[in-house]
Amino acid sequence: LTLLYTIADDDATRVILDHPAAREDHGGHQRAGVNLASATLEFLRRHSQARPLDLSPYPRAAALLAAVREASVETEESGDWYFSVPGADGETSRLRLDQIPLPPGTPPPAQDSAPATPSGEPDPEPPQRPAGRLRDAFRRRPTPVRTAPARAVSAGPKLDAAALAHGLPVPGGVLLRMARPGDAAEVSRLLAMAGLDLPPYLAEAIDNQDIGSTLMHALEAGNDQILTALATAAHRGDPNLAMPGLTALLVAENARHHACGALLALPPAAVMAQAASAGIPVQFALVGTAAIVKINGIAVDENSRSNGIGTALLGTCLQVYFQLNYLLAYGQFRSDSGLEHYYRRLGFDVLAPGEGISLSERLAMPIGLTPESGERFFLRWR
Amino acid sequence: MVTGSAPSAQTLLLTMVPTLWAGILRGQPANICVDSCRILHCCYAQFGIRSEIRAVDLAVTDDAGRMYMHGTPQPSWEGNVLDGHCILYLPDEQRVVDATIEQFREIARLKHGPLVGRIAVQLTPGLHAAAADSRRVLSSRSAGPT
């Protein structure tokens, strides 16, 4: 599941916070917040009895926990929480959390900072009137904490980033790996066999180890690395900065350590461009960029063909992207090349010449991909 | 990344607040994000943790590629009913908290509870950020002037 939040500006936030409906119950919010803090503290206290808690980053929370460690706690019908705290004189006081005396030097409660609260002074005293719905919400004791289910593990062996960097063995003593510095000339030679020029920015990305870097991080640490890279690039004003890191340039290296095959797969520029011209919000377009990969070209040296290298390159490419939750991998070839049988044999759908790919149903993007004249698409959905 | 180790005390504190609140909220009206943010803001303040409420809009994409939109960059009120959504931003923790995310059906059915996500950069107008918790992926972009 992917969640994309757009944080509105301060004016939009003030539209929410300055409305009378949001302002009228400030005292109730304060009171409910103190009660929620009390419930949290009670949970932490019980938890700390089984396992010590280091709350040193939050000295006020640590002081509160220490103050109530031996206290009894009760919840009134109103929903308010009270702690019976022993004082220095030995007398026990029944106090709300925000009334408990703390050692000198304990930080005060965090101060409000705009636009967190509406204008106006916070209530210095506990509210005198019931907090309506919020009071009702606190009549019940907190529901027991639920444990999050473990993330599902996809079936089949997972591709390992370190192995992909070092090289995955395929028959014939060949290793498949991500391109590394020094590969640019050989990769360029191989891709030229498929009629492709290696763009200078990708040649540079090979040499500075940027090529596929985001994919490798994501294989290692989770596919949220992809969104992080896209959002960071967008923040720097150019989503294209993320593209080399999302590009897979796979190299087949023979036993003599010579490159004998290469595959280039990259985020489809057409999707971002079409999304922009269709007025699709940038966050949708970014999701598309993290969901679709175009297999731009694949080439194997003539004397290395018929050894399954091309198949292994394609299979590894699909494994990389589909493991990272990409939804669609596609490419195109000349209609008169006869390659449709090859791609069908590898499990791709091959579209009729000129037939496009709609992204509206699976990606909810009202755009489509159209092959160039004389070309046809091959594709596979995850 | 899910690990087998116990959560840190920091993580426990930050996540327990919205988790307890979500438990309390169960069965309450859906349109309660403003109240929830205000209450969590006051709650975190008691522990000395600063927070800010932020209006957001939210695009959810499920594993099948279906996309759902919630909230709006231009929130408005119809009487006492908000057309919009808001979350809590913890600037010192570099986290966002969406305690009422389960009001959205496609998320509620996952039964993952509220969202506490870590973000990559400060959320100020014009900045983009990304975040993740152990169960979901989250990316944020700040609207407004750059």
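Not measured: the values here are computed from a predicted model.

Reading the values: the criteria
Residues numbered from 1 in each chain as written. Chains lettered and ligands numbered in written order. Predicted model: local features only at pLDDT ≥ 70, side-chain atom pairs only at ≥ 80, totals over all residues. Heavy atoms only, no water. Helix = DSSP H or I, 4+ residues; strand = E, 2+ residues; numbered from the N terminus. Contact = heavy atoms within 4.5 Å. Areas by Shrake-Rupley, 256 points an atom, 1.4 Å probe, with all protein chains shown as cover. Buried < 20%, exposed > 50% of the residue type's maximum accessible area, 1.4 Å probe, protein only. Salt bridge = Lys/Arg side-chain N within 4 Å of Asp/Glu carboxyl O. Pairing = 2+ DSSP bridges.

Draft legend 1. Focus on the overall build of chain B. In terms of helices and strands, chain B carries three helices and nine strands. In sequence order, chain B lays out its α and β elements as α-α-β-β-β-β-β-β-α-β-β-β. Taking contacts inside chain B between residues at least 6 apart in sequence as the whole, the part at least 24 apart equals 45%. Carbon and sulfur atoms make up 50% of the accessible area of chain B, which amounts to about 5,200 Å² in all.

Draft legend 2. Up close: the side chain of S48(A). All names here are of chain A. For S48, the location among the structural elements is in helix α3 (residues 26–50). According to the relative accessible area criterion, S48 is buried, its value standing at 11%. Residues within four places of S48 in sequence aside, it is in contact with L53 and R69.

Draft legend 3. Local environment of unusual backbone geometry. All names here are of chain A. Despite not being glycine, Q209 shows a phi value in the positive range, around 65 degrees. Within the secondary structure layout, Q209 lies in the loop between α8 (200–207) and α9 (213–221). Among the residues examined, Q209 registers a relative accessible area of 59% and is labelled exposed. Phi at N325 is positive, roughly 70 degrees, even though this residue is not glycine. Along the chain, N325 falls in the loop between α13 (309–323) and β10 (328–334).

Draft legend 4. Examining the pattern of salt bridges more closely. By the definition in use, this model includes 17 salt bridges over all chains. A salt bridge links R46(A) to E42(A); the shortest N-O distance between them is 3.0 Å. One end of the pair is R46(A) and the other is E42(A), both in helix α3 and four residues apart, which spans about a single turn. Put simply, R334(A) and D336(A) hold a salt bridge, and the shortest N to O gap is 3.6 Å. For R334(A), a relative accessible area of 44% translates into the label partly exposed. When salt bridges that share partners are traced, they join D10(A), E52(B) and R54(B) into one network.

Draft legend 5. Main features of the pairing of strand β1 (residues 2–7) of chain A. Among the six residues of β1(A), five are classified as buried, and the element is accordingly described as predominantly covered. Here β1(A) runs beside strand β1 (residues 52–61) of chain B; their pairing, made up of six bridges, is antiparallel. When the bridges of β1(B) are listed, T2(A) appears paired with T61(B).

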